[in-house]
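Per-entry structural report
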Amino acid sequence: SNPRIHLFNKPVVSIGADATSVDLLLNEADILPLHLQIRECNGDFIAVNVTNDPFTLINDHAFGKRRLKTGDVISVGQVLILFEALEKEPRPLE
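An account of the accompanying structure is given in this report.

Calculation criteria
- Residues numbered from 1 in each chain as written.
- Predicted model: local features only at pLDDT ≥ 70, side-chain atom pairs only at ≥ 80, totals over all residues.
- Heavy atoms only, no water.
- Salt bridge = Lys/Arg side-chain N within 4 Å of Asp/Glu carboxyl O.
- Helix = DSSP H or I, 4+ residues; strand = E, 2+ residues; numbered from the N terminus.
- Patch = residues over 30% accessible without salt bridge, like charges linked within 9 Å, V, L, I, M, F, W, Y side chains within 5 Å.
- Areas by Shrake-Rupley, 256 points an atom, 1.4 Å probe, with all protein chains shown as cover.
- Pairing = 2+ DSSP bridges.

1. Describing the pattern of salt bridges
Side-chain pairs of opposite charge can arise where the charged atoms are in close proximity. With the rule as written, the count across this model stands at two salt bridges. A salt bridge links K10 to D23, with the nearest nitrogen and oxygen atoms 2.6 Å apart. Taken together, the residues span a long stretch of sequence, with K10 in the segment before β1 (12-16) and D23 in the loop between β1 and β2 (24-25) at a distance of 13 residues. The shortest N-O distance in the salt bridge between K69 and D72 comes to 3.1 Å.

Below, the structure is given as structure tokens:
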């Protein structure tokens, strides 16, 4: 299918099957209500495998908690998520 682009500008992005509480909804049989989170921490982005699902992968490797970098591919069920960190705009000098 065609790729979709989702932009998030928040400290925690929740991914899962609960339409009422997640930022990125994945409608698949094996996806739990809150499956995965991406958290911003001091300028880094950390993926947290909330469910400890051994089939949720980053670059084909199982993980519990791992720092993300641009180009990483997160596999959740049949869904592939290409992670890309966007540069924040610099603050103007005063």
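2. Examining a nonpolar patch on the surface
Side chains of I5, L7 and L86 sit close together on the surface and give an oily, nonpolar patch of about 390 Å² of accessible area. In this fold, I5 is placed in the segment before β1.

3. A word on the sheet that holds strand β4 (residues 44-48)
The strand order across the open sheet formed by five strands is β2-β1-β3-β4-β7, and the pairing between neighbours is mixed. Each having just a single partner strand, β2 and β7 (65-68) make up the two edges of the open sheet. Bridging between β4 and β7 involves four bridges; their strand directions are antiparallel. Paired with I46 across the strands is R67, a residue of β7.

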